[in-house]
Each structure stands twice: as C-alpha cells, then as structure tokens.
Amino acid sequence: MKKILAVFLLMLSFVVGAQQTTATTTGRTEVIFGDDTWVQVPLQFPFPMYGKVFTNSFMFSNGVVGFFGVDMQPQNAFCCTGIQVSNNIPSYFNYTILPMQTDLYPVAQSKFYVQGDTTYQKYWWQDIAEYSNRNNLNTFSVEIRPTGYIGIQYDKINIQNQEVTSAIIGDASLGEYTVHYSGRG
C-alpha cells in the first residue's frame, strides 16, 4: 500500500506543460507529450552538476533534460535543430543534458517515460520520430544518480535530415561543457 501511495503522490507532484501522466505496469510513468513540450520531474535526491545541486528537472520532447525552471528555457522547448555548443550559446542551455537535441516529433507509437526513486532518475524517449521524416524513429534514455553520474543509452537512432547535438552543459560561458556529437544525421 505504501508503494502504491508513493507512486500516486509522485504522479501528483509532476507539473506538466499542459500534458498528463499515467502509471504503467513496469513502474515507469508515461508522460504524454505533444510537439515541442516539456514536463517537470521532481527529483527524490539532490543531483550535483558542475558545482550546483538540483532537486528538480525538466524533460523536453526534443531530447533534452534541463535543471533550471522553464522560465529559463526557450518557449519552443529546444526546437528545432542541434546547437553548436560554445562559450556564447544562449544561457537557457546552461545545466542541461542533451542526449539527442534536435527536432523530434511524437507519432502514434511514441512513448515518453520517467522513473526514479532516491537512488536514480531515468528519462526515456521511445520511438520518437525525426520531425522531417516521421518514419525515422528514435529510442534513447538518460539516467542520473545522486553521485553526479550521468548515463546516456541509445537503443535506436535514425536521424538523417537534421542537425543533432549530444552534450552535457554546465555554465557554457565558463567552458563547462562536454560535446559528444554535433552534426547532421
């Protein structure tokens, strides 16, 4: 009963950008996204990143996890192309994880999930289409832990027509970033 209550309370704690959430049988929570939207995901642990500590996160439909409030994020939810990471990128990119930041589009089979407890938080993008070709589906995830661990897993990547960026960014103006990939396809 305590576990069911905890899942219910966690679901109630989501603040969603005009979206909704539903529990699944796997223990994950499905987040219902539209195009270029976001959901607030409270963390059950303090997460350290580049010298700051966060207890809240935001999952964006366009392949980004951010740690500042949405008032710091672009209105278009990190749309519509990958960014060339440098010291002079817009400040709303600060304190973000970009496993695959590009223009993604949810289609009928697309699913977004979150799951976490006091030891980890995970975010999934499952069968999310490339905006310019709705048949190009992509599945990937991000996991964070209270130790500062960030893990990115790519299960299916099929971006062919758009710029995409994979990076971890602290305060970019201070050079706090690691770019894993930035380019077309």
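Data block above holds the structure.
Residues numbered from 1 in each chain as written. Predicted model: local features only at pLDDT ≥ 70, side-chain atom pairs only at ≥ 80, totals over all residues. Heavy atoms only, no water.

Counting its regular elements, the protein contains 1 helix and 14 strands. Out of the 185 residues belonging to the protein, those deemed buried represent 49%. (Helix = DSSP H or I, 4+ residues; strand = E, 2+ residues; numbered from the N terminus. Buried < 20%, exposed > 50% of the residue type's maximum accessible area, 1.4 Å probe, protein only.)

As a further point, take the side chain of Thr96. In this structure, Thr96 sits in strand E7 (residues 96-101). Classification of Thr96 by relative accessible area gives buried; the value is 0%. A distance of 2.6 Å separates a polar atom in the side chain of Thr96 from the backbone oxygen of Phe93. If sequence neighbours within four positions are ignored, Thr96 has contacts with Met49, Val64, Val65, Gly66, Phe78, Ala167, Ile168 and Ile169. (Polar contact = N/O pair within 3.5 Å; in protein donor to acceptor, adjacent residues only side chain to side chain. Contact = heavy atoms within 4.5 Å.)

Glancing now at the nonpolar core. Among the nonpolar cores identified, the biggest contains 27 residues, and Met59, Phe67, Ile97, Tyr123, Trp125 and Ile144 are the most heavily contacted of them. Mapped onto this core, the elements with two or more residues apiece are strand E4 (38-49), strand E5 (52-60), E7, strand E9 (111-116), strand E10 (121-130), strand E11 (133-144) and strand E13 (163-169). In this view, Ile144 contacts Leu43, Phe45, Phe47, Phe67, Ile97, Tyr120, Gln121, Tyr123, Tyr149 and Ile150; residues no more than four positions away in its chain are not counted. (Core = buried A, V, L, I, M, F, W, Y, C linked by side-chain atoms within 4.5 Å.)

Before going further, it helps to examine the pattern of salt bridges. Evaluation of the coordinates by the stated rule reveals 3 salt bridges. The salt bridge partner of Asp127 is Lys156, with a shortest N-O separation of 2.4 Å. Of this pair, Asp127 sits in strand E10 while Lys156 is found in strand E12 (residues 150-156), placing the two residues 29 residues apart along the sequence. With a relative accessible area of 15%, Asp127 lands in the buried category. (Salt bridge = Lys/Arg side-chain N within 4 Å of Asp/Glu carboxyl O.)

Our next topic: unusual backbone geometry. Omega for the bond connecting Cys79 with Cys80 falls within 30 degrees of zero, at 20°, which places this linkage in the cis form. With respect to the helices and strands, the residue Cys80 is situated in the loop between strand E6 (64-66) and E7. A positive phi angle is found at Asp36, which is not glycine, with a value near 55°. Topologically, Asp36 is positioned in the loop between strand E3 (29-32) and E4. In this structure, Tyr95 takes a positive phi of about 60° despite not being glycine. Along the polypeptide, Tyr95 turns up in the loop between E6 and E7.

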